[in-house]
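Per-entry structural report
Here is how the chains run, residue by residue.
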Number of protein chains: 2
Amino acid sequence: MQSRQPSRRVTMTDVARAADVSPMTVSYTYNRPQRVAAETRDRVLRAAQALGYAGPDPSARSLRYGATRTLGVVLGEHLTYAFDDPQAVAFLAGIAEVCAERGYGLLIVPTGTGEEDPDRVTAAAVDAYVIWTTTADDPVLAAAGSTHRPVVVHSGPDRAGTTVIGIDNRAAARAAGLEVFATARRPAVLSFPVDRRRESFVRSGVDPDTVAYPVTRDRLAGYRDAALDLGLDWSEVPVGVCRTNDVAEARTVMRELFAVAPGIDAVAAMGDTLALAALSETTGPLRVSGWDDSELARDNNLTTVAQSLREQGAACAAAALGESAPDHRDSWRLIRRSSTVGAGTRPAPAVVQRMALPPVTGTTAPEM
Amino acid sequence: MQSRQPSRRVTMTDVARAADVSPMTVSYTYNRPQRVAAETRDRVLRAAQALGYAGPDPSARSLRYGATRTLGVVLGEHLTYAFDDPQAVAFLAGIAEVCAERGYGLLIVPTGTGEEDPDRVTAAAVDAYVIWTTTADDPVLAAAGSTHRPVVVHSGPDRAGTTVIGIDNRAAARAAGLEVFATARRPAVLSFPVDRRRESFVRSGVDPDTVAYPVTRDRLAGYRDAALDLGLDWSEVPVGVCRTNDVAEARTVMRELFAVAPGIDAVAAMGDTLALAALSETTGPLRVSGWDDSELARDNNLTTVAQSLREQGAACAAAALGESAPDHRDSWRLIRRSSTVGAGTRPAPAVVQRMALPPVTGTTAPEM
DNA sequence: CTGTTAGCGCCTTCAG
DNA sequence: CTGAAGGCGCTAACAG
């Protein structure tokens, strides 16, 4: 049985009237219970109970406070795909951890339509943003920046006014490249998409600077560094770009790579899945490295770059909420396994090699 | 370089002044651009740009509208663990999908402290809640209900005033039980925790009605149904309760089960992980069924109950946002594989068997 | 320990 | 096509 009709929502004033106090006393009862006499407090709470008042209205409160105690997260053009990516989920888990600790809500901004995404970012009732890595020209970045709220971007791009947090992808890729290309005569790279069109193709000597996604750009640059270090000619290193991060796609691209450059004997891949697909397509011996140290990598003895997306998520959240030095570069390590160590290549001290870290990258210049 | 000092935040009125129009015209410019002369609109937008105004303040807007266009999600006592559970992640993905479509924000309520959880639920600026299954006495349920906003609970409990969406766990468990116990002499059950204390133990003849978690309760009841159907004595069926959903824990419990009841020859497990742990602990032949049809189940030919948490998440979100019949019971199917079909047990038509579904369960009684 | 006043930033309503 | 008044529900700042 319902009690009242369309029943206007119950407000503090209603409760105040019923308890025969002023609205302020009701407010205090909820916000600083100490400041109210126990008896009065009880009376207020009883009145609230009777009227079905559930506490101060969150929107009104936010308006008054000028803050929402909510952190906004933008997970990329296709929010929905983000949940299929274990790395993105780990990242989100890290954010959630920090939010739960601090009592902040975690608002996932509903992106995916393209068109309206910037407006949705702008219209989100949040105090700060964490943005999953994207291209420099993503309008979502500009939208977040335009709100004058703190913005932390994971792994770049490094726009003015935003903080960037992530590992040094270039250095990590270089380390992986040195390992996987060490004895190679015909090295190749398996890459993530280079821009938002997400096309797959195979081409040699790709210039990292033409790549829109900063993560992809940096890793590519790192592989090139390694190739140069080893005296290899980058212009002859074919790069296979995979449209999506899955086995089928990677296999197709690998076949194209082998067609273009028969005799490929080393593949530096930007993901463990891609790396294993490469292995499954080869007929001859192949040195391979992956990225992320997923369970797959462990199960298949894949050399890989390990990083903690969870920690990076936590760091992003903390930075966005202004509770940590925004100068933060996360750590990574190259895990050497038999996919590069065994098989007639120079044996190696195996296992883990920790890399020293340069200090900082993030900028916090508040405004242009 | 910053332009202004502490700089009070820019408001519509400021923009109005700068553009020499009334605040209402600025409001219209953002909310009903059509209604404003193109020239005026441009002037307003230019003024906004110049002042760094990023559009209407979300909190003020919500206060005025009386709605937030945000859906609240409560993922359980330990928000952080939720991201380690692939099923919970799939559920969240389904919610996110619906939210993204409709342009609703998805607010993850920061639970985990116990103490403050109900307050955090109450104080969330959302229009409706989706709550991941919990116990009937979870204060979070009461808190959500007290706000008079729509509440959808996944898989129960079925509190007055809330809608419940999920599969018929009891029927599914019965089907699985009939399959796995078919030829059994010494059946056993591997269960999730029975209450929020989450203790592990082994005991026979557990009464499902004493179990606090509705999912666990229903599955247990279904296994009991199957046992009774098969003429087995439930009071002699040992139930091993695992504190957590992981291999190590399940193995320990399995060892205890074998100690208490040597010769166990069939195990109905509430999760694929538990099921595989059971297999890894047995020495003799063992029929086993799992739950969720994870990749693990597929790779190991495990008979299992398949369901789509993603679809259930989407259904919960749609129901919470009032855009679907709140009468919804999702489908499941028993997938028979060699973990129950091979090995000297009666062979069977293998593969998939679709089950007919009863219609509804959710109630929408708004209030007691 | 409690009350008064004022206003957070916006948009609905109703006039021009 | 534009504007004036009023109030959404709450709390800071200051009395008393």
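Residues numbered from 1 in each chain as written. Chains lettered and ligands numbered in written order. Predicted model: local features only at pLDDT ≥ 70, side-chain atom pairs only at ≥ 80, totals over all residues. Heavy atoms only, no water.

1. Some remarks on the packing of aromatic side chains
All names here are of chain A. Note the cut-off: Each pair of aromatic rings taken from Phe, Tyr and Trp, with Trp reduced to its six-membered ring, is defined by centres within 6.5 Å and is described as stacked if the planes are under 30 degrees apart, edge-to-face if over 60, and tilted in the remaining cases. The way it works is that DSSP assigns letters per residue, a run of H or I at least four long becomes a helix, a run of E at least two long becomes a strand, and they are numbered from the N terminus. When accessible area is computed with a 1.4 Å probe and restricted to protein chains, residues below 20% of their type maximum are described as buried, those above 50% as exposed, and intermediate ones as partly exposed. Criterion for a charge above a ring: Arg CZ or Lys NZ at most 6 Å from the ring centre, at most 35 degrees from the ring normal.
One pass over the structure, following the stated rule, counts 4 aromatic pairs over all chains. Residues Phe91 and Trp132 carry aromatic rings whose centres are separated by 4.9 Å and whose planes lie at 55 degrees to one another, so their mutual orientation is tilted. With a gap of 41 residues between them, Phe91 in helix 6 (residues 86-102) and Trp132 in the loop between strand 3 (128-131) and helix 8 (139-146) connect regions that are remote in the sequence. Taken as a pair, Phe91 and Trp132 share a single burial class, namely buried. Above the face of the Trp291 ring, Arg219 is positioned so that its terminal group lies 3.8 Å from the ring centre.

2. Remarks on the domain arrangement of chain A
Residue and element names in this part refer to chain A. Put simply, the rule is: Boundaries of every domain are those given by an automatic assignment or by a domain database. In what follows, residue pairs with any heavy atoms lying within 4.5 Å of each other are defined as contacts. Using a 1.4 Å probe, buried area is obtained as the accessible area two parts lose upon being combined, added over both of them. Throughout this description, the term salt bridge denotes a Lys or Arg side-chain nitrogen within 4 Å of a carboxyl oxygen of Asp or Glu. N or O atoms within 3.5 Å of each other form a polar contact, as long as, within protein, one can give a hydrogen and the other can take it, and as long as residues adjacent in sequence are counted only when both atoms are side-chain atoms. Note on residue categories: nonpolar means Ala, Val, Leu, Ile, Met, Phe, Trp, Tyr, Cys or Pro, charged means Asp, Glu, Lys or Arg, and polar means any other residue, Gly included.
On domain assignment, one finds that chain A holds domain 1 (59-165 + 308-329) and domain 2 (169-302 + 337-353). Once you take the C-alpha centre of each, domain 1 and domain 2 turn out to be 30 Å apart. Contacts between the two partners involve 13 residues from domain 1 and, on the opposite side, 7 residues from domain 2. The contact between domain 1 and domain 2 buries some 790 Å² in all, and 51% of this surface belongs to carbon and sulfur atoms. On inspection of domain 1 and its partner domain 2, the count reaches 1 salt bridge. If you look at where domain 1 meets domain 2, you find 0 residue pairs in polar contact (both at pLDDT 80 or more). Residue composition of the side of domain 1 that touches domain 2, grouped by class: 4 nonpolar, 6 polar and 3 charged.

3. Quick look at the protein's contact with DNA strand D
This is how it is decided: Definition of nearness: a residue and a molecule or strand are near each other if at least one heavy atom of the residue lies within 4 Å of the molecule or strand.
By nearness alone, 27 residues border DNA strand D, and Met12, Tyr53 and Arg64 of chain A together with Thr25 and Thr40 of chain B come closest of all. Looking at DNA strand D alone, sugar and phosphate atoms form 61% of those within 4 Å of the protein. Within the backbone of Met12 of chain A, a nitrogen or oxygen atom sits 2.6 Å from a phosphate oxygen of DNA strand D. Between a phosphate oxygen of DNA strand D and a main-chain N or O atom of Ala37 of chain B, the distance comes to 2.9 Å. Looking at the surface near DNA strand D, the elements with two or more residues in it are helix 2 (23-31) and helix 4 (58-65) of chain A together with helix 2 (23-31) and helix 4 (58-65) of chain B. In terms of residue count, helix 4 of chain A provides more of the surface near DNA strand D than any other element does, 5 residues in total. Residue composition of the surface near DNA strand D, grouped by class: 14 nonpolar, 6 polar and 7 charged.

4. Re the state of the cysteines
Each disulfide is one covalent bond, formed between the sulfur atoms of two cysteines. The following threshold applies: Cysteine sulfur atoms are paired as a disulfide whenever they fall within 2.5 Å.
For the structure shown, the criterion picks out 0 disulfides over all chains. Unpaired in this structure, Cys99 of chain B has its nearest cysteine sulfur neighbour in Cys316 of chain B, at a distance of 11 Å.

5. Considerations on the confidence of the model for chain A
All names here are of chain A. Applied cut-off: pLDDT gives the predictor's per-residue confidence on a scale running from 0 to 100.
Of all residues in chain A, 90% have pLDDT values of 70 or greater, and the mean over the chain is 89. Predicted confidence is poor over residues 1-6, with pLDDT under 50, and the contacts of this stretch with residues over four places away or in other chains come to 6 contacts. Note that residues 344-368 has pLDDT below 50 and, in this model, 50 contacts with residues that lie over four places away or in other chains.

6. Observations regarding the pairing of strand 2 (residues 105-108) of chain B
Definition in use: Only strands that DSSP links by at least two bridges are regarded as paired with each other.
Burial along strand 2 of chain B is two-sided: the face carrying Gly105 and Leu107 of chain B and the face carrying Leu106 and Ile108 of chain B are both buried. Pairing of strand 2 (residues 105-108) of chain A with strand 2 of chain B involves 3 bridges; the strand directions are antiparallel. Each bridged residue has a counterpart across the sheet, and for Ile108 of chain A the counterpart in strand 2 of chain B is Leu106 of chain B. Across 4 bridges, strand 1 (residues 70-74) of chain B lies against strand 2 of chain B in parallel orientation. Bridge pairing links Val73 of chain B to Ile108 of chain B in strand 2 of chain B.

7. Describing the sheet that holds strand 2 of chain B
Worth spelling out the cut-off: Only C-alpha atoms enter the line fits that serve as axes; for helices the fit covers just the stretch in contact. Angles between N-to-C directions range over 0 to 180 degrees.
Overall, mixed pairing links the 10 strands, which are arranged 5(A)-4(A)-3(A)-1(A)-2(A)-2(B)-1(B)-3(B)-4(B)-5(B) in an open sheet. Edge positions in the sheet fall to strand 5 (163-165) of chain A together with strand 5 (163-165) of chain B, since each has one partner strand and no second. Averaged over all pairs of adjacent strands, the angle between strand axes in this sheet comes to 25 degrees, irrespective of strand direction. Sitting on the sheet, helix 14 (residues 309-320) of chain A touches strand 1 (70-74), strand 3, strand 4 (151-154) and strand 5 of chain A, and the angle it makes with strand 4 of chain A is about 165 degrees.

8. Regarding the protein's contact with DNA strand C
With respect to spatial proximity, 27 residues lie near DNA strand C, and among them Thr25 and Thr40 of chain A together with Met12, Tyr53 and Arg64 of chain B are the closest. Within 4 Å of the protein, the contacting atoms of DNA strand C are 62% sugar and phosphate, with bases supplying the remainder. Here a phosphate oxygen of DNA strand C and a side-chain polar atom of Ser27 of chain B are 2.8 Å apart. Of all the secondary structure elements, the ones that give two or more residues to the surface near DNA strand C are helix 2 and helix 4 of chain A together with helix 2 and helix 4 of chain B. The dominant element in the surface near DNA strand C, judged by the number of residues it contributes, is helix 4 of chain B, at 5 residues. Its residues assigned to classes, the surface near DNA strand C shows 14 nonpolar, 6 polar and 7 charged.

9. Regarding the packing of helix 4 of chain A against helix 4 of chain B
The cut-off we apply is this: Each crossing gets its handedness from the near helix: less than a right angle anticlockwise from the far helix is left-handed, clockwise is right-handed.
Here helix 4 of chain A crosses helix 4 of chain B at 145 degrees, and the two axes come no closer than 8 Å. Judged by the sense of rotation from one axis to the other, the crossing of helix 4 of chain A with helix 4 of chain B is left-handed. On helix 4 of chain B, the residues that touch Ser59, Ala60, Ser62 and Leu63 of chain A of helix 4 of chain A are Ser59, Ala60, Ser62 and Leu63 of chain B.

10. Digging into the pattern of salt bridges
As enumerated under the stated definition, the model contains 40 salt bridges over all chains in all. Arg310 of chain B is paired through a salt bridge with Asp84 of chain A; the nearest N and O atoms lie 3.5 Å apart. Of this pair, Arg310 of chain B sits in helix 14 (residues 309-320) while Asp84 of chain A is found in the loop between helix 5 (79-82) and helix 6, placing the two residues in two different chains. Its relative accessible area of 23% is what places Arg310 of chain B among the partly exposed residues. Classification of Asp84 of chain A as exposed rests on a relative accessible area of 54%. Arg217 of chain A serves as the salt-bridge partner of Asp218 of chain A, at 2.9 Å between the closest nitrogen and oxygen. Owing to a relative accessible area of 26%, Arg217 of chain A belongs among the partly exposed residues under this scheme. Counted as one network, the salt bridges with shared partners bring together Asp84 of chain A together with Glu97 and Arg310 of chain B.

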